[in-house]
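# A structural walkthrough
Each chain, written out:
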Amino acid sequence: MKYKDKIIENNNKKSSVIGVIGLGYVGIPLSLSFVKAGFKVIGFDVDKKKIEQIKKKKSYIWSITSEDISNALSKGFDVTIDFSKISLVDVIIICVPTPLTKYGQPELSYLIGSINSIIPYIKKGQLISVESTTYPGTTEEEVIPRLQQKGFIAGKNIYVCYSPEREDPGNSSYSTRTIPKIVGAYSKDCLEVALSTYSAAIKKVVPVSSMRVAEMTKLHENIYRLINIGLVNEMKMICEKLKIDIHEVIKAASTKPFGFTPYYPGPGVGGHCIPIDPNYLTWKAKQFSIETRFINLAQTINKEMSNWILDKLLEELNLRGKILNNLKVLFIGIAYKKNVDDVRESPAVKLINLFNENKAEISYHDPFLEYFKFDFSEQKPQKSIKLKPKNISSYDLVVIATDHDNIDYQLIYDNAKLILDTRGKYSNSDKKIISA
């Protein structure tokens, strides 16, 4: 029996062992999805603390409960830092970070490091799937040659595909199982193996013609969001000068049943995808002497939002005979978007840093982050304050930075002296509200 036929048969029987490298926001939900589908799953990570947490049946990701972890462990889910156990799996799915260097260029060390760590233990007939976001050509140019050096031939005795992660933490409408899965593979046989693997755990799998198409699809999705967020943030600045409520404009435009998708302004963009991923395409495009003008402009606008908001506040404070220096400020929300506990590249934190530079006295409330250490803080992390009338009224200014759903905005309005609203939670015609 051919390697391909064997692994497809095992996938159909759900007797394949799935190995997931990288147990973060992508790797954990994916692992649990395969466990729920009836597969044996081994999770790999270099972080000993993560492995210890899981073995103690504790979750370190807000969207995953400790009960979810406990249930998975009871069904055979195993986690380890021992990469020699790669020899025990049939499918290897790589979900490691792909951040940027300090020069804004692709940082593939985690991906390449993972490949180098598993190569001594890879066996013929395995499927290797890369899910980490990267530029078109990475899997073909960086992964496959390393396999070839060890005598593996993609499409013959080993199978390779690229399937971009599409996790959306905080979105209760979709899960790993229900988000359609894009899959591009090195060859026809590789694609057949990949489809048989993912379709066993994901409701809808969408094949594309190549790994490069799959890699580009992920970048296109996030660049689309980056540009539209940049556009609506620019519209907000224009509307501000024209004395128009941008949120009323968006609400009205959203009544059009075709040709319009609403995006909402805010203090910028954050997270592990939108501020990072476009740089991968920009870097690749430069190799072909192509300037990514739309991407560059959108990034510039979004990066400028925190300064624009600060300038707007300083102008409004001046009209009220106040300055930011020594003002007691309470920030509502510090995560990069609502309903998550993730602060990576958070525009709220960037805004807080600007306020600190202007000598404001900073506190915060975030129901998803009980403690957080700001760069300017002393050694001990700050603790999220409780939203009580007396607490709220003790601050000179309350800033709505991240609009979590489980916050009592009426309580804030009733007790705050002055509110800086960066998320459109209140009417901008109210004298108590500074809309920015």
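Note that this is a predicted model, so its numbers are computed, not measured. Starting from 1, residues in each chain are numbered consecutively following that chain's sequence as written. The predicted nature of this model means local features are confined to residues of pLDDT at least 70 and side-chain atom pairs, given and counted, to a pLDDT of 80 or more, with totals for whole chains, interfaces and linings taken over all residues. Side-chain metrics in this entry use all non-hydrogen atoms of the structure; hydrogen atoms and water are not considered.

### Concerning the overall build of the chain
Filter applied, for reference: Secondary structure counts use DSSP, requiring at least four H or I residues in a row for a helix and at least two E residues in a row for a strand, with both numbered from the N terminus. For the radius of gyration, the atom set is restricted to C-alpha positions; the globular benchmark scales as 2.2 Å times the number of residues to the power 0.38. Working definition: with a 1.4 Å probe on protein chains only, accessible area under 20% of the residue-type maximum means buried, over 50% means exposed, and in between means partly exposed. Note on definitions: a residue-residue contact is assigned when non-hydrogen atoms from the two residues lie within 4.5 Å. Computed with the Shrake-Rupley method and a 1.4 Å probe, the accessible areas treat only the protein chains shown as cover for residues.
Scanning the chain from N- to C-terminus turns up 14 helices and 15 strands. Computed over C-alpha atoms, the radius of gyration of the chain comes to 24 Å, within 12% of the 22 Å expected from 2.2 N^0.38 for 436 residues, which places it in the range of a compact globule. Once the C-alpha set of the chain is aligned to its principal axes, its extents read approximately 80 × 50 × 40 Å. Considering the chain as a whole, with its 436 residues, one finds that 52% of them fall into the buried category. Sequence separation of at least 24 residues holds for 68% of the intrachain contacts in the chain that already meet a minimum separation of 6. Just so you have it, the chain exposes about 20800 Å², and 51% of that area is on carbon and sulfur atoms.

### A short note on the sheet that holds strand β10 (residues 361-365)
The line we're drawing: The criterion for strand pairing is that DSSP finds at least two bridges linking the strands in question. Orientation is described by axes fitted as lines to C-alpha atoms, over the contacting stretch for helices, and by angles from 0 to 180 degrees between their N-to-C directions.
Reading across the sheet, the five strands line up as β10-β9-β13-β14-β15 and stay open at both edges, with parallel pairing between neighbours. Whereas interior strands pair on both sides, the edge strands pair on one side only; in this sheet they are β10 and β15 (433-435). Geometrically, the sheet is characterised by an average inter-axis angle of 25° between neighbouring strands, direction not taken into account. In terms of strand pairing, strand β13 (residues 397-400) meets strand β14 (residues 419-421) through three bridges, oriented parallel. Across the sheet, Val398 pairs through a bridge with Ile419, a residue of β14. The strands that helix α11 (residues 293-319) touches are β13, β14 and β15; relative to β15, the one it contacts most, it runs at about 145°.

### With respect to the environment of Val399
Structurally, Val399 can be placed in strand β13. Overall, Val399 belongs to the buried group, its relative accessible area being 0%. A sequence separation of 383 residues divides Val399 from Ser16, and the C-alpha atoms of the two residues are 51 Å apart. Ignoring anything within four residues of it in the chain, the contact list for Val399 reads Val329, Leu330, Phe331, Ile332, Leu351, Phe355, Leu420 and Thr422.

### Here we look at the pattern of salt bridges
Spelled out, the test is: Criterion for a salt bridge: a side-chain nitrogen of Lys or Arg within 4 Å of a carboxyl oxygen of Asp or Glu.
In this structure the tally under the stated criterion is 18 salt bridges. One salt bridge connects Glu140 with Arg212, and the closest N-O pair in it is separated by 3.4 Å. Highlighted residues: Glu140 in helix α6 (residues 138-148) and Arg212 in helix α8 (residues 211-241), separated in sequence by 72 residues. Assessed through its relative accessible area of 37%, Glu140 is described here as partly exposed. Using a relative accessible area of 35% as the deciding quantity, one classes Arg212 as partly exposed. Across the pair Asp342 and Arg344 runs a salt bridge whose closest N-O atoms are separated by 2.8 Å. On the basis of relative accessibility, which here comes to 4%, the residue Asp342 falls in the buried class. One salt-bridge network, held together by shared partners, links Glu140, Glu141, Arg212 and Lys284.

### Overview of helix α12 (residues 347-357)
Note: α-helices contain 3.6 residues per turn, so residues at a spacing of three or four share the same orientation. Three or more residues of α12 are buried, namely Pro347, Ala348, Val349, Leu351, Ile352, Leu354 and Phe355. In this fold, the buried residues of α12 make contact with α11, β9 (328-332), β10, β11 (371-372), β13 and β14. One or two steps after α12, the chain reaches Lys359, where phi turns positive at roughly 65°.

### Here we look at the pairing of strand β2 (residues 40-44)
Operational definition: If you view a crossover with the strands going away from you and the path from the first strand over the helix to the second runs clockwise, you call it right-handed.
Among the five residues of β2, four are classified as buried, and the element is accordingly described as predominantly covered. Sheet analysis places strand β1 (residues 17-21) next to β2, joined by five bridges and oriented parallel. Pairing of Gly19 across the sheet is with Ile42, part of β2. Of the crossover connections in this fold, the one passing from β1 over helix α2 (residues 27-36) to the parallel β2 is right-handed.

### Section: the sheet that holds strand β3 (residues 78-80)
If you trace the eight strands from one edge of the open sheet to the other, you get β3-β2-β1-β4-β5-β6-β7-β8, paired in mixed fashion. With one partner strand each, in any of the chains shown, β3 and β8 (205-207) form the two edges of the open sheet. Averaged over neighbouring strand pairs, the angle between their axes works out to 25° when direction is ignored. Helix α5 (residues 109-118) rests against β1, β4 (91-94) and β5 (127-130) of the sheet, and its axis sits at about 155° to β4.

### Thoughts on α8
The cut-off we apply is this: Expected span, for any helix, means 1.5 Å times one less than how many residues it has.
End to end, α8 covers 46 Å across 31 residues, agreeing with the expected 45 Å (1.5 Å per residue, within 8%). Where α8 terminates, the next one or two residues include Lys243, which has phi positive at roughly 60°.

### Section: the side chain of Ser114
Tracing the chain through its elements places Ser114 in helix α5. The residues contacting Ser114, other than those within four sequence positions of it, are Ile21, Ile94 and Val96.

### Brief notes about the packing of aromatic side chains
What counts is decided by this rule: When two rings of Phe, Tyr or Trp (its six-membered ring) have centres within 6.5 Å they constitute a pair, described as stacked for plane angles under 30 degrees, edge-to-face for angles over 60, and tilted for the intermediate range. Here, a charge over a ring is recorded when the distance from Lys NZ or Arg CZ to the ring centre is within 6 Å and its angle to the ring normal is within 35 degrees.
For the structure on display, the rule yields 12 aromatic pairs. Cation over ring: Lys328 sits above Tyr395, and NZ or CZ is 4.9 Å from the ring centre. Taking the ring centre of Tyr413 as reference, the NZ or CZ of Lys432 above it sits at 4.7 Å.

Such coordinate-based values are descriptive only and should not be taken to indicate function.
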